[in-house]
Amino acid sequence: MTLKRAVLLFLCVGLAAPATALAVDPFLTSSRSTTLPANEFWNIYGQGYDLGGGLPPDRNNMSYGGNTAWNEWDALKLSWTNINGGRTAVAGFLRGSRVNGVTTEANGTLTSGARERGFVWSWAINERWPDTCSQADYPRCFAAHGTEGSFHFDQVPAYINGIHLLYVWTRDTAFLQEMLPRAEVVMDEYLLGVMGGSTGVAVIPGNANTGTSSGRPSTYLDQIRSGHKDTWVNASFYTALLSMGDLEEAAGNTSKASSYRTRAASFRAHFHDAFWTGTRYAGWRDVNGALHDAGYTHVNLMALTRGLASVSEADSIIEWLDGPVTATVGGVRVGSTSTYQNVFAPRTNTSPVPAADWDEWSNPSNISGPLPYGAGIGDGGTMLWLAYYDVMGRLRYRHADEAFARYQAMLTQMSRDTARLTYCFPEWVWCNGTGRYENDFHERHGEVATNGPFPESGLSVLPLLHGFMGVGANLQGLRVAPELPSSLVFASTSGVDYLGAQRTIRVSRGRFISNQETATSTTDVGSSVLTQTFLPAEAFNEVGVLVGTYGVDGVSFTLSLEKSGNGGFNWVPVATRRLTGVQDNTWVYMGVPSQAAGGFQYRLSVRDASSALAWWRDPGSTLFGSAASGGTLLTGDFAFRAVDAWQTPLVGESSTDVADSMTGSLGQVFTTTQPFDRVSMRIGTYVTTTSGFTATLYRDSGAGWKQLARQTFKNVVDNSDVMMSFASMKPGKYYLEISDQVGSITWWRNSTSNLGAGFWAATNAVQQSGNRTFYVYRGQYRIEVPEKGVDVTVSAGDSYTMTN
């Protein structure tokens, strides 16, 4: 939807105001900077609950769309819980969706319309989208649209996907029996038949939605003249094929299930051929065969989330998103070349929409053509719901640390706005005549789509559940496949409703051995060295500190761990690393070689911050060792954690016979069929204590080595195992390289080692005999569901499934 006219239309056609809801806080994590805003986000954008609390009033959003265009989004947002009856409401909206040639209404009336049998109406009460115009109101709009609205098509496959989501979460046999025949008409007669999806990509029928300068808008982005072969529609169609496979199998129709899955397996090649530009997917291919590509992020992120891209294609898309793009000429951030100029979500498109591709049906009457690039949500602005697909797409193809950085940035940006990125217009029924027309960052509602007629915004908090916790339903049961970022040790969600029974699901990648959690005051680092001692009772292999950056993201600092066996009179280095990209008020972790239980006192040090940095402290704590600043004792203890992060060795080389000095770079290629989240390197420093290097991990994507992680180590201990830790990386072929030497560095090698074809050592990227001394480790997760008596451990990449 676009601009204020669309907002008014949305309300005028009868879409409900926010449902009356009770506030709930379903999320709990090891980081308050994630937990608090995630729950606030869910209550505002997921539940439609006005938090109030003395902050600006009417911070609200619709809890569901309740309309055909929102069928999949509503189900995706609310199928996992029935708190406040949300899932029941969504099931009712799906039952009431009108499909030509199908009886869907409670009174048994057969739906009929202008389009063919199997067409899902574009709007709940209208076969067409409500983009009609009056000649007096919008002369240019009337010339283009007249009194007839456009037919949209993204809601056609979305109807099937919504049915699938509701069924796998409830396993409601009556719902399946009622809805599967309708879904079969939509798929078999319309998507595979009328739209030709049985032999290639789906093609929008008729002579109106042609994708040309005279064509009508075809999707929810109703000022873009996408059409004919539409990328959005086809990405959703792919998921619909998989959905139909599950629904047919559930109904016992194994042959039909197999046919849909076979079609899905062959569809990816058609999708690639139709829409791939060489760098990314275009928005659509018009009736004349021309691709239309203005850097449409939404279709690319949907394609990633739905699994349509190859690894190399995904890397290309992500590199484009993370690189410089066309500078904006409108909006509050004129001149920005960042896709993430609005922070909480990527731009809708990364280059201006050509005038020929823009439909001005809802332009303000005094504007000719689109608003200046960057000033409108359909052209250079953004929509909050894009964050869901951004995070989930990165998680699917890259790793949780990369995805979580985008997720946390969204939550933090929301928290920094006094009204949590919401707006209020007097005509909105829940705004009580108040008005808020721009947020604290001076972004106007027409520039960024957050609340109001955007109930789908609530999706963007759910990567915590769907992605990082890995909770989802399928035909086998309720599946939990965790993939936590390194900045979270645990995460849990309550109110998860499967088969009508609520439960709390908690996933952990380790346990706290020594920890001081309370944070009531801060101590600035400045030019000092802040230290905290502790005496762990058990073995640990990771340490963390809670730091604040005074609202500045991307701060760097040095974190060190030392140990002493004689009461703190002689400290021996264990590990030192430069932490980068630090966000405000977050826990930051560093993997270390496993430290045995008992016998040693340990000391954490924070120093050398790139800008203002503080370490959180509890002045009243008396449970641990001592906190100090520049050697001066402080009251209480700093906030810290020593963690036993569960690990299993996968593959590596432990013996040595050659010490290769660094004169450029040293490397090791390895291949793993299992996920991994740590790599150790046996490093020598020729007895120096101030030497260091930078380690970089690359993955072979099929189109060259792509960087996935980069970490800098300082004050390396001679002949020690330096530990590079991160979120789980996918199975594949990797290259671990060390470079940027400081002082004297050597990486040990076994010249006779033979680990197989996918393993070899390198010096300055040239293969050497044997393998370096390294080891790869696979993390483990504990999954707990108290209501069901579940307490199991799975390896990263594996899952646990509940059937009750």
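Note that the coordinates shown come from a computational prediction; the quantities given were computed from them, not determined experimentally.

J.: Before we go on, may I ask you to explain the sheet that holds strand β13 (residues 530–534) in this structure?
T.: Note: strands within a sheet are paired through backbone hydrogen bonds, in either parallel or antiparallel orientation. Taken in spatial order, the 12 strands line up as β21-β20-β13-β18-β15-β16-β29-β28-β31-β26-β33-β34 in an open sheet, and their pairing is antiparallel. Strand pairing shows two members of the sheet lacking a second neighbour, β21 (632–634) and β34 (766–768), which therefore form its edges. The mean angle between the axes of side-by-side strands here comes to 30°, regardless of whether they run parallel or antiparallel. The pairing of strand β26 (residues 666–672) with strand β33 (residues 760–763) spans 4 bridges and is antiparallel.

J.: When you look at the environment of W760 in this model, what are you seeing that I'm missing?
T.: Tracing the sequence through the fold places W760 in strand β33. Residue contacts for W760: discarding those within four places in its chain leaves G667, Q668, V669, Q767, G770 and N771.

J.: Explain the layout of surface pockets to me, please; I cannot follow it from the model alone.
T.: To find leftover empty space, one rolls a probe the size of a water molecule over the atoms. One number sums up the size of the largest pocket: a volume of about 1400 Å³. For the largest pocket, the lining is made up of 40 residues, of which T305, M392, R396, H466 and R479 are closest to its centre. Sorting the residues of the lining of the largest pocket by element identifies α3 (71–78), α6 (155–170), α8 (231–250), α12 (386–397), α14 (463–468), β7 (471–474) and β30 (720–729) as the ones contributing at least two each. Looking at the lining of the largest pocket residue by residue, the classes come out as 19 nonpolar, 13 polar and 8 charged. One number sums up the size of the second largest pocket: a volume of about 1100 Å³. As for the second largest pocket, its lining consists of 39 residues, of which D401, E402, A405, T580 and G581 are closest to the centre.

J.: Before we go on, may I ask you to explain the pairing of strand β8 (residues 477–480) in this structure?
T.: One face of the sheet, then the other: side chains in a regular strand alternate in exactly this way. Relative to β8, β7 is paired through 4 bridges, and the arrangement is antiparallel. Bridge pairing in β8 places V471 opposite V480. The hairpin turn running from β7 into β8, its antiparallel successor, is 2 residues long.

J.: What's the story with the pairing of β26 in this structure? I'm lost.
T.: With 6 of its 7 residues buried, β26 lies for the most part within the structure. Bridging between β26 and strand β31 (residues 732–742) involves 7 bridges; their strand directions are antiparallel. Residue pairing for β31: G667 is matched across the bridge by E737.

J.: Teacher, can you tell me more about the sheet that holds strand β38 (residues 800–802) here?
T.: Taken together, 3 strands build an open sheet; the order of strands is β7-β8-β38 and the sheet is antiparallel. Taken across any chain shown, the strands that pair with only one partner, and hence form the sheet edges, are β7 and β38. Averaged over all neighbouring strand pairs, the angle between strand axes comes to 30°, with direction disregarded. Taken strand by strand, α6 contacts β7 and β8, and its axis lies near 95° from that of β7.

J.: Whenever I open this one, unusual backbone geometry confuses me. Can you help?
T.: One non-glycine residue with positive phi stands out, namely R171, at about 50°. Checked against the element boundaries, R171 lands in the loop between α6 and α7 (173–194). The exposure class of R171 is partly exposed, given its relative accessible area of 28%. Unlike most non-glycine residues, V687 shows phi in positive territory, near 70°. Along the chain, V687 turns up in the loop between β27 (676–684) and β28 (692–700). The class for V687 is exposed, based on a relative accessible area of 68%.

J.: How should I be thinking about the packing of α12 against helix α13 (residues 400–415) in this particular structure?
T.: Packed helices, taken two at a time, are described by the angle their axes make and the gap between the axes. Packing of α12 against α13 leaves a shortest axis separation of 7 Å and a crossing angle of 165°. Between α12 and α13, the angle is such that the two are roughly antiparallel. Here α12 runs over α13; the crossing is left-handed. Contacts between α12 and α13 involve A387, D390, V391, R394 and L395 on the former and, on the latter, A400, E402, A403, R406, Y407 and M410.

J.: Looking at this structure, how should I read the packing of aromatic side chains?
T.: How two aromatic rings sit relative to each other is given by the distance of their centres and the angle of their planes. Taken as a whole and judged by the stated rule, the model has 48 aromatic pairs. Pairing W276 with Y281 gives two aromatic rings, centres 4.9 Å apart and planes at 75°, and the pair type is edge-to-face. As far as the burial class goes, W276 and Y281 line up, both buried. Each member of the aromatic cluster is reached from another via a ring pair, and the members are W70, W73, W123, W129, Y220, W232, W385, Y388 and Y389. It is R641 that lies over the ring of W587; its NZ or CZ is 3.9 Å from the centre.

J.: Looking at this model, I keep getting lost on the confidence of the model for the chain. Mind explaining?
T.: Atomic detail in the predicted coordinates should be set aside for any region of low pLDDT. Per-residue confidence for the chain gives a mean pLDDT of 93; residues scoring 70 or more make up 95%. Note on residues 1–20: pLDDT is under 50 here. Beyond four places in sequence and across chains, it has 60 contacts.

J.: Got a minute to help me understand the side chain of T81 in this structure?
T.: Among the secondary structure elements, T81 is positioned in the loop between α3 and α4 (86–96). Judged by its relative accessible area of 1%, T81 is buried. Separated by 3.3 Å, the side chain of T81 and the backbone nitrogen of I83 make a polar contact.

J.: Honestly, empty space enclosed by the protein in this entry has me stumped. Any pointers?
T.: According to the stated counting rule, one finds 6 cavities of 30 Å³ or more in the structure shown. Each pocket or cavity is described by its volume, and for the largest cavity that value is around 160 Å³. Around the largest cavity, the lining is made up of 20 residues, and of these S486, R509, E542, D677 and F726 lie nearest the centre. In terms of residue class, the lining of the largest cavity is made up of 9 nonpolar, 7 polar and 4 charged.

What counts, and where the lines are drawn
Residues numbered from 1 in each chain as written. Predicted model: local features only at pLDDT ≥ 70, side-chain atom pairs only at ≥ 80, totals over all residues. Heavy atoms only, no water. Pairing = 2+ DSSP bridges. Helix = DSSP H or I, 4+ residues; strand = E, 2+ residues; numbered from the N terminus. Axes fitted to C-alpha atoms, helices over the stretch in contact; angles between N-to-C directions. Contact = heavy atoms within 4.5 Å. 1 Å grid on protein atoms, 1.4 Å probe; cavity = no way out; pocket = protein on both sides within 12 Å on 5 of 7 lines; lining within 4 Å. Points joined across faces, edges and corners; volume = space filled by probe spheres on them. Nonpolar A, V, L, I, M, F, W, Y, C, P; charged D, E, K, R; others polar. Buried < 20%, exposed > 50% of the residue type's maximum accessible area, 1.4 Å probe, protein only. Parallel < 35°, antiparallel > 145°, perpendicular 65-115°, else oblique. Left-handed = near helix turned anticlockwise from the far one by under 90°. Phe/Tyr/Trp six-rings, centres within 6.5 Å; stacked < 30°, edge-to-face > 60°. Lys NZ or Arg CZ within 6 Å of the ring centre and 35° of its normal. pLDDT = per-residue confidence, 0-100. Polar contact = N/O pair within 3.5 Å; in protein donor to acceptor, adjacent residues only side chain to side chain.

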